[in-house]
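# Fold and geometry: a report
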Amino acid sequence: MTPPPYVPGHHLLDGRTAVITAAAGSGIGGATARRFLEEGARIVIGDAHARRLKESAEALTAEFGAGTVASLPCDVTDEDQVNALLELAEERHGRLDIVVNNAGLGGTADLVEMTDAQWGRVLDVTLNGTFRCTRAALRRMKATGSGGVIVNNASVVGWRAQRGQAHYAAAKAGVMALTRCAAMEAAEYGVRVNAVSPSLALHPHLVKVTTPELLAELTEREAFGRYAEPWEVANVIVFLAGDYASYMTGETVSVSSQHA
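Everything numeric in this text was worked out from a predicted model, so none of it was measured. (Residues numbered from 1 in each chain as written. Predicted model: local features only at pLDDT ≥ 70, side-chain atom pairs only at ≥ 80, totals over all residues. Heavy atoms only, no water.)

A separate point is the overall build of the protein. Helix and strand content of the protein: eight helices and seven strands. Against the compact-globule benchmark of 18 Å for 260 residues, the protein has a radius of gyration of 17 Å, which places it among compact chains. Principal axes of the C-alpha set define a box for the protein whose edges measure 50 × 40 × 40 Å. Looking at the protein as a whole, 51% of its 260 residues are labelled buried. If you take every contact in the protein between residues at least 6 apart in sequence, the share linking residues at least 24 apart comes to 75%. For the protein, the separation between the mean place of its 23 positive charges and that of its 29 negative charges on side chains is 2 Å. (Helix = DSSP H or I, 4+ residues; strand = E, 2+ residues; numbered from the N terminus. Rg over C-alpha atoms; globule rule 2.2 N^0.38 Å. Buried < 20%, exposed > 50% of the residue type's maximum accessible area, 1.4 Å probe, protein only. Contact = heavy atoms within 4.5 Å. Lys, Arg positive; Asp, Glu negative; His and termini not counted. Charge placed at Lys NZ, Arg CZ, Asp CG, Glu CD.)

Here we come to unusual backbone geometry. We note that H11 has phi near 60°; this positive angle belongs to a residue other than glycine. Take H11: it is sitting in the segment before strand 1 (17-20). In this structure H11 comes out as exposed when scored by relative accessible area, which is 58%. At A22, a residue that is not glycine, the phi angle is positive and equals roughly 50°. Relative to the helices and strands, A22 is located in the loop between strand 1 and helix 1 (28-38).

Turning to the sheet that holds strand 2 (residues 42-47), a few remarks are in order. With parallel pairing, seven strands are arranged side by side in an open sheet as 3-2-1-4-5-6-7. Either end of the sheet is taken by a strand with one partner, and the two such strands are strand 3 (69-73) and strand 7 (252-255). Neighbouring strand axes in the sheet, compared pairwise and without regard to direction, differ in orientation by 20° on average. Pairing between strand 1 and strand 2: four bridges, direction parallel. Directly across from A18, in strand 2, lies its bridge partner I43. (Pairing = 2+ DSSP bridges. Axes fitted to C-alpha atoms, helices over the stretch in contact; angles between N-to-C directions.)

This paragraph deals with the pattern of salt bridges. With the rule as written, the count across this model stands at 14 salt bridges. For the salt bridge of E58 with K54, the shortest nitrogen-to-oxygen distance reads 2.6 Å. Linking E58 with K54, this pair stays in helix 2 (residues 50-64), spanning four residues, or about one helical turn. Several salt bridges converge on common partners, so that one network encompasses R35, E38 and E39. (Salt bridge = Lys/Arg side-chain N within 4 Å of Asp/Glu carboxyl O.)

Turning our eyes to something else, we now look at the layout of surface pockets. When its volume is computed, the second largest pocket comes out at roughly 180 Å³. Forming the walls of the second largest pocket are S199, L200, E222, A223, F224, R226, Y227, A228, E232, V255, S256 and S257. Split into classes, the residues belonging to the lining of the second largest pocket amount to six nonpolar, three polar and three charged. (1 Å grid on protein atoms, 1.4 Å probe; cavity = no way out; pocket = protein on both sides within 12 Å on 5 of 7 lines; lining within 4 Å. Points joined across faces, edges and corners; volume = space filled by probe spheres on them. Nonpolar A, V, L, I, M, F, W, Y, C, P; charged D, E, K, R; others polar.)

Turning to the side chain of N194, a few remarks are in order. Within the secondary structure, N194 is located in strand 6 (residues 191-198). Side-chain polar atoms of N194 contact the backbone oxygen of M248, separated by 2.8 Å. When neighbours within four sequence positions are excluded, N194 is seen to be in contact with I150, V151, N152, T179, L240, M248, T249, G250 and E251. (Polar contact = N/O pair within 3.5 Å; in protein donor to acceptor, adjacent residues only side chain to side chain.)

Below is the structure:
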């Protein structure tokens, strides 16, 4: 089955300022950056890969105009870099409305062969990085009292088992739990916290780190018999970031049939 036609923007995020982590390149972060711009937002994008980030920011600025895109290299394992990214949004646009925590790191290793370093690295980027960004965003949103939205990127692996993915699954399950708890705390100052849970959104980096056999197997499990386009996941992030989701918080939305 082929993907549906690309959905045009509908001004769902007009006037909002959004920060998106791991937003360089052609994955979910990059697709989210483009979708937010198409919906009228101004964006600040971060990524640990400085060259790719610069190229992405320049390309988006050329397409959407000066003042729409700012960027800063950001490793989410470094709290100072996280704070600098959010501060850039406030300096450029005087506000912080939306934070999309997309940064994550995967890998494949059976548990009996997994090293502490492998386990720790995946958890530090994927779970701890989401924690650092969420904490920094909530501190700012609470101080301003003007509300806000946080959208985290989880995974269906946080719900179900997959061999070789113990570290990644544990991290993503942690992101879901973090989302629920943060939502309960943030509600009192008008901030919503939700997550998306994709299964298989294909992009070049995933192809590099996944065998063709595993990609074929994962694709066959999908209800539509195909992988998701990154922009299809980004569409759900747009929904959660916008006003149509005004009464949703603490939820993890599966962007797949593979939710159990």
